[in-house]
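# Examining the three-dimensional arrangement
Listed below, chain by chain, are the residues.
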Amino acid sequence: MENNRISIHMGDTILYARLNDTLAAKDFKKRLPLCLSGTDSGMDYCCMAANGIYDPLETQDGWHNGDISLCDGWFAILYGGQEISSSYRNMMIIGHLEEDALEKVKALPKKVSLKIQMEKTK
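Reference entry: report on the structure contained in this document.

## What to know about the overall build of the protein
Looking only at helices and strands, one finds 2 helices and 8 strands in the protein. Ordered by position in the sequence, the α and β elements of the protein form the string β-β-α-β-β-β-β-β-α-β. Computed over its C-alpha atoms, the radius of gyration of the protein comes to 13 Å, within 12% of the 14 Å expected for a compact globule of 122 residues. With respect to the principal axes defined by its C-alpha atoms, the protein has extents near 35 × 35 × 25 Å. When each of the 122 residues of the protein is scored for burial, the buried share is 47%. Long-range pairs, those at least 24 residues apart, make up 72% of the contacts in the protein with a sequence separation of at least 6. Counting only carbon and sulfur atoms, one obtains 52% of the accessible surface of the protein, whose full area is about 6900 Å². Of the side chains in the protein, 14 bear a positive and 17 a negative charge, and the two mean positions are spaced by 6 Å.

Here it is, written out as structure tokens:
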């Protein structure tokens, strides 16, 4: 079974997420570990990041709170705004936070430095 679990370290806070099976997520996985810096927009943490390889047929309109996206030069942890997100076209969702991580995101400072890495399988 393929390991798709990642950890996102922000200081003392660690978020866990699962990458999906999209081409973009598989390409992103090859770039890990990765360090990025970003800011809180009020509904997501955005960090400049190269898009990499993706299949346009795997994009979608909008997101679910807790999704992780990589599109238009941004890596984003989407923690809010789901109810208005359908107007955001061609989103490349590469993963989703694990259940307890969403509340931790909301408590983070305005500016963050992320270290994203694959989790070891047990």
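## Some details on the pairing of strand β7 (residues 93-97)
With 4 of 5 residues buried, β7 lies mostly within the body of the structure. Strand direction decides the pairing type here: strand β2 (residues 13-19) and β7, joined by 3 bridges, are antiparallel. Bridge assignment links L19 to a residue of β7, and that residue is G95. The pairing of strand β5 (residues 67-71) with β7 spans 3 bridges and is classified as antiparallel. In the sheet register, D67 faces β7, and the bridge partner there is H96.

Rules used in this analysis
Residues numbered from 1 in each chain as written. Predicted model: local features only at pLDDT ≥ 70, side-chain atom pairs only at ≥ 80, totals over all residues. Heavy atoms only, no water. Helix = DSSP H or I, 4+ residues; strand = E, 2+ residues; numbered from the N terminus. Rg over C-alpha atoms; globule rule 2.2 N^0.38 Å. Buried < 20%, exposed > 50% of the residue type's maximum accessible area, 1.4 Å probe, protein only. Contact = heavy atoms within 4.5 Å. Areas by Shrake-Rupley, 256 points an atom, 1.4 Å probe, with all protein chains shown as cover. Lys, Arg positive; Asp, Glu negative; His and termini not counted. Charge placed at Lys NZ, Arg CZ, Asp CG, Glu CD. Pairing = 2+ DSSP bridges.

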